[in-house]
Structure formats: structure tokens, C-alpha cells
Amino acid sequence: MANRISLDGQVFQPETRYSQTTGKPMLNFNLSFYDGKTADGKTKYGSIRVRAFGPLAENIAKTITEKERYIVEGHLSADKWEKDGQKHYQLVVIADDIGKAFNKFADDGKPVTVQQSAEDPAAGAPIPDEEIPF
């Protein structure tokens, strides 16, 4: 079974760091995504940390914009660390490809009519700031 993931969501908190040993760039950001409805019908959102390295990190860091939609493809990895005697774990996406999602607007800049499902009309809608989980 392959460890592959593809996500579409809004970027938050992008930051570029450089390795102290190699000097190569590493890009980190949170990707917030639509995650369905709660039992009481409220829209919910999730987020996951995304990490890119090398030329991908260097190229995307030049153009990535907070609160814009991006598509990320990569694989899952678990970060593990210990702080104050407590073990911590975080699931992250190691990106193989990152691209801006352009499906919301036509070439003339006007919104495209998005076909929303009757089942869940909020799917594909922009995430309101007050709903961002961090």
C-alpha cells in the first residue's frame, strides 16, 4: 500500500527556514481544509502541517500567499519529539508537489459558478476566518 496524500486547502502561517548543516531551505505551513459537518450540522475544518524541502521549498516560498488555496501532493510522516518529559507526535505531509488552486476564477477574474452538492452546499466554499482552527 502506497503512502500518498493529495489535499486542497488554504495556506496559513508559511515560514521558510534554512538547515544549519546544509544551508538548504525548508518551507513549513499549515493547510486548512473543509472536513464535513458536525452532528448538529455545523461546518467543520481541519488542518495539517505541510513541509517541503530543497528546490520545491525554495521555489514555492517565493510565491506562496497566506489564505490562498493550494493543492499539495506528498506522503505522510510522523514528527516525534520530547519536551519537559512529555512525548509529542504530529502528523505532517512531506510535499512532493505544491501548486496554486486556480479553479475558483475564470481567466477574466470573475467567479466561476461552482456546482455544489445538495448534500453539502458548503463544500468548496472559502473558509471564514472565524472557523480557522488555529
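Residues numbered from 1 in each chain as written. Predicted model: local features only at pLDDT ≥ 70, side-chain atom pairs only at ≥ 80, totals over all residues. Heavy atoms only, no water.

Caption draft 1: A look at the pairing of strand E2 (residues 25–37). Here seven bridges tie strand E1 (residues 5–18) to E2, and the two strands are oriented antiparallel to one another. Within the sheet, the bridge partner assigned to Thr 16 lies in E2 and is Leu 27. Following E1, the chain reverses through six residues before pairing antiparallel with E2; Gly 23 in that reversal takes a positive phi of roughly 75 degrees. Judged from the ten bridges that link them, E2 and strand E3 (residues 43–53) form a sheet pairing that is antiparallel. Within the sheet, the bridge partner assigned to Tyr 34 lies in E3 and is Tyr 45. (Pairing = 2+ DSSP bridges. Helix = DSSP H or I, 4+ residues; strand = E, 2+ residues; numbered from the N terminus.)

Caption draft 2: Summary view of the packing of aromatic side chains. Under the criterion given, the structure shown has one aromatic pair. Where Tyr 34 meets Tyr 45, the ring centres are 6.3 Å apart and the plane angle is 75 degrees; that geometry is what we call edge-to-face. With a gap of eleven residues between them, Tyr 34 in strand E2 and Tyr 45 in strand E3 connect regions that are remote in the sequence. Since its relative accessible area comes to 25%, Tyr 34 is described here as partly exposed. (Phe/Tyr/Trp six-rings, centres within 6.5 Å; stacked < 30°, edge-to-face > 60°. Buried < 20%, exposed > 50% of the residue type's maximum accessible area, 1.4 Å probe, protein only.)

Caption draft 3: Broad picture of the environment of Asp 79. When you line up the elements, Asp 79 lands in strand E4 (residues 69–83). In the structure, Asp 79 is positioned 13 residues away from Val 92 in sequence and 7.0 Å away in space, judged by C-alpha atoms. Side chain to side chain, Asp 79 and Arg 51 meet in a polar contact 2.8 Å long. (Polar contact = N/O pair within 3.5 Å; in protein donor to acceptor, adjacent residues only side chain to side chain.)

Caption draft 4: Inspection of the pairing of strand E5 (residues 86–100) at higher detail. In the sheet, E3 pairs with E5 via three bridges, with the strands oriented parallel. Looking across to E5, one finds that Arg 51 is bridged to Ile 94. Two strands pair when backbone bridges link them, and E4 and E5 are joined in this way by 14 bridges, in the antiparallel orientation. Across the sheet, Tyr 70 pairs through a bridge with Lys 100, a residue of E5. The loop that links E4 with its antiparallel partner E5 comprises two residues; one of these, Asp 84, has a positive phi angle of about 55 degrees.

Caption draft 5: Highlighting the sheet that holds E1. An order of E1-E2-E3-E5-E4 is seen for the five strands of this closed barrel, with the pairing classed as mixed. Sheet twist, expressed as the average angle between the axes of neighbouring strands with direction ignored, equals 40 degrees. Lying on the sheet, helix H1 (residues 54–61) is in contact with E1, E2, E3 and E5; it crosses E2 at an angle near 75 degrees. (Axes fitted to C-alpha atoms, helices over the stretch in contact; angles between N-to-C directions. Contact = heavy atoms within 4.5 Å.)

Caption draft 6: Highlighting the nonpolar core. Counting 18 residues, the largest nonpolar core has Phe 29, Leu 31, Val 72 and Ile 98 as the members making the most contacts within it. Listing elements by their share of this core, those giving two or more residues are E1, E2, E3, H1, E4 and E5. Setting aside anything within four residues of it in sequence, one finds Val 72 in contact with Ile 5, Ser 6, Leu 7, Phe 29, Leu 31, Val 50, Val 93, Ala 95, Asp 97 and Ile 98. (Core = buried A, V, L, I, M, F, W, Y, C linked by side-chain atoms within 4.5 Å.)

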